[in-house]
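# Overview (structure and organization)
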Amino acid sequence: MSSHRQRLAEAKAAHNHPTYATMAFVMGCGVQGPGTRSQVTDTDADSAGLLALFDQYGNQSFGYSHPRIIAAIEDQLAGRRLNSTKIMFEEEQIRLAARLAEVTGGSLPYSYLANGGGESIDNALKLARAATRRPGFVTAAGCFHGKTLAALSASGRPEHAALFEPFLPGFQQVPFGDLDALDRAVGADTAAVLLEPVQAEAGVIPPPPGYLAEVRRLCDERGALLILDEMQTAFGRCGTLFAHQLFEVQPDLMCIGKAFGGGIVPISAVMGTERVWGALRDQPSTFGSSLGGNPLSCRVGLEVLAIATEDGFVDGVVTKGAVIQGRLAAAVARHPRLLSAHRGVGMMHGLEFHDESLGGMVLGELLRRRVTSTYSLYNNRVLRVQPPMVIEADELAAGLDILDDVLDTLDGAHGPVPVRLSPYTRTVAVPLGGAELAALLRRKPHLLDPFAAEPEQETAAPPEVGSAGADAVVVEPGLAGTVGGRDAEWTDRVEWQPDGVVLCAEPGWLWKRLERSVRWRPDGEGGSLLTIALVWDAGTEGYEPMLGGHLGRIAHDRLDTLLTRLDRLAHATI
């Protein structure tokens, strides 16, 4: 019987997101349980705790179940002021808007509250067009601004264009940090330049020194607005409450979200100047959100601001950020064969590997050691090191120690652990003849199958010696397998051939293709040469190299163990 974890994965694949379901299952992710601060439990592994070195793309910047945020939610629930009337004065919403104006020093006195980041990006684009009466926008290559059609149009990525063209008109891109290209792009029809202060999904890329100040100057010269997307950088992440303060640049519009809801409720906002807000005075009905700015979300937003502006909070981010900076810089210097770069600011960092398969190996090994991280969405080579800002100093040190140990393990004295991707083939000599091997694998066809949970299990209906055709094929429903070091089940097909055995998984939500074959030929000395071939494809397209780095390492190591067992069995037989 399949595990609860597998049943959840199958349901997610059938009714929600097939690719992400398969990816999480293959990487060995468990079933989320309760979380506290920087720890979340896995109920599929006896509630084992996992330490977060990543805050889920900015959503969990204040950790899991922050006690002050939980208390604010409980208090609001107890007061039963939860629903928006949309016609009455809603205290939490008004207080939050006033507090947002206050924490920007009055430079962005207005805000419009919505639910998700993409919604607020859309609102910013609308405000910019209304304020300037211009149609165009300039964005940066590698940007990520959300997944609405307008946000995807801003990112301009070819894989999105292939599905969703035509994009919304008026967007053009320039390289991030290239002032000459920006100078050529911003013209009389440019409503705004839209940028992330630090590009997150491109691989954690801070701006070059002075870049954002020059962007501000260009916008002022050309009459364009500057929109900053601070979804992942706001609330202290870069060592100041908002990242634009670190770079001493003032935007006309700023978008915030993600951590704004404490990782629990959806809330986002676009904030703007008096000039830009004229559109809401002229045409108030052009903006609206049914649940945006509801009392519960606004109460959480108020508590988030209270935490982020508390004395010592941002100073703690700076201190912990310096620790991350030093440790990751040292890791790059120590492991040039694995790592090509380290970039970051505050508590927002990325480690770039030479390829995504190495990153996949590290992600999988971290998870095995109960540490979570992930990759940058548009650069799979980059491992994110962006822990919750509330992580304790000793937890941070422990997580970085584990990361160091994983890197040391994969970059040994004799060189890095080889990347082994599908198709993977291995030939070894064994002291057993063909007849002995045939008899052994007739009874135990999974004996050299690194994906089998019980490789020595005997088949229920082994074929007769010399048999061929349908009677030499057995279908095994509910095969006990192992994927990413965790239990799995699938239907397998076993086919015996004169010179070997072939195992094939039935295509489904987990495997697009999984084939394991063992073939032998005489070595001329009474023994045999075994050729073991593995082919896998989880059907995740561009993520296969990253998953493959993880799967290939586990399969190779497991095969080492199985071959050692076979060697002992062979010598015992002899």
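Quick summary incoming for the structure in this document. (Residues numbered from 1 in each chain as written. Predicted model: local features only at pLDDT ≥ 70, side-chain atom pairs only at ≥ 80, totals over all residues. Heavy atoms only, no water.)

### Some words on empty space enclosed by the protein
If you roll a probe as big as a water molecule over the atoms, it shows you where there is empty space left. Evaluated as defined, the whole model comprises two cavities of 30 Å³ or more. Here the largest cavity is characterised by a volume of approximately 40 Å³. Lining the largest cavity, in full, are Pro 450, Phe 451, Thr 482, Val 483, Gly 484, Leu 551, Ile 554 and Ala 555. Looking at the lining of the largest cavity, the elements with two or more residues in it are β19 (473-483) and α17 (544-573). (1 Å grid on protein atoms, 1.4 Å probe; cavity = no way out; pocket = protein on both sides within 12 Å on 5 of 7 lines; lining within 4 Å. Points joined across faces, edges and corners; volume = space filled by probe spheres on them. Helix = DSSP H or I, 4+ residues; strand = E, 2+ residues; numbered from the N terminus.)

### Details of the nonpolar core
In terms of nonpolar packing, the biggest core is built from 109 residues, with Phe 62, Phe 235, Ile 256, Trp 490 and Trp 511 touching the most fellow members. At nine residues, the largest contribution of residues to this core is made by α17. Here Phe 235 is in contact with Phe 62, Leu 241, Phe 242, Ile 256, Gly 257, Ala 259, Phe 260, Val 304, Leu 305, Ala 308, Phe 313 and Met 389, once residues within four sequence places are set aside. Of all hydrophobic cores here, the second largest spans 23 residues; its members include Leu 225, Met 231, Leu 253 and Trp 277. (Core = buried A, V, L, I, M, F, W, Y, C linked by side-chain atoms within 4.5 Å. Buried < 20%, exposed > 50% of the residue type's maximum accessible area, 1.4 Å probe, protein only. Contact = heavy atoms within 4.5 Å.)

### Focus on the side chain of Asn 380
Mapped onto the secondary structure, Asn 380 falls in strand β15 (residues 379-385). When neighbours within four sequence positions are excluded, Asn 380 is seen to be in contact with Glu 356, Tyr 375, Gly 542, Tyr 543 and Met 546.

### Points about the side chain of Arg 486
Following the sequence through the fold, Arg 486 ends up in strand β20 (residues 486-497). In terms of polar contacts, Arg 486 uses its side chain to reach the side chain of Asp 42, at 3.2 Å. Apart from the residues lying within four places of it in its own chain, the contact partners of Arg 486 are Arg 5, Gly 28, Cys 29, Gly 30, Asp 42, Asp 44, Ala 45 and Gly 481. (Polar contact = N/O pair within 3.5 Å; in protein donor to acceptor, adjacent residues only side chain to side chain.)

### Some remarks on the sheet that holds strand β2 (residues 39-42)
Read from one edge to the other, the open sheet built from four strands follows the order β1-β2-β3-β13, with strand pairing classed as mixed. The sheet is open, and its two borders are formed by β1 (32-36) and β13 (371-372), each paired with just one other strand. Taken together, the three bridges between β1 and β2 define a ladder with antiparallel strand orientation. Its bridge partner lying in β2, Thr 36 is registered against Gln 39. (Pairing = 2+ DSSP bridges.)

### Overview of the packing of helix α14 (residues 356-368) against helix α15 (residues 393-410)
It is at 10 Å that the axes of α14 and α15 come closest, and there the two elements cross at 130 degrees. Between α14 and α15, the interaxial angle falls into the category oblique. Seen from above, α14 lies across α15 with right-handed handedness. Taken together, the residues of α15 that come into contact with α14 (itself represented by Met 361, Val 362, Glu 365 and Leu 366) are Ile 402, Leu 403, Val 406, Leu 407 and Leu 410. Counted by class, the contact of α14 with α15 contains eight nonpolar, no polar and one charged residues. (Axes fitted to C-alpha atoms, helices over the stretch in contact; angles between N-to-C directions. Parallel < 35°, antiparallel > 145°, perpendicular 65-115°, else oblique. Left-handed = near helix turned anticlockwise from the far one by under 90°. Nonpolar A, V, L, I, M, F, W, Y, C, P; charged D, E, K, R; others polar.)

### Observations concerning the sheet that holds strand β23 (residues 528-537)
Reading across the sheet, the six strands line up as β18-β23-β22-β21-β20-β19 and stay open at both edges, with antiparallel pairing between neighbours. With partners counted over all chains shown, the strands left at the sheet margins are β18 (424-430) and β19, one partner each. Averaged over all adjacent pairs, the angle separating strand axes in this sheet is 20 degrees, with direction ignored. Inspection of the sheet shows β18 paired to β23 by seven bridges, in the antiparallel sense. Its bridge partner being in β23, Thr 425 is matched across the sheet by Ala 533. Taken strand by strand, helix α16 (residues 434-443) contacts β18, β20, β21 (500-505), β22 (513-522) and β23, and its axis lies near 150 degrees from that of β22.

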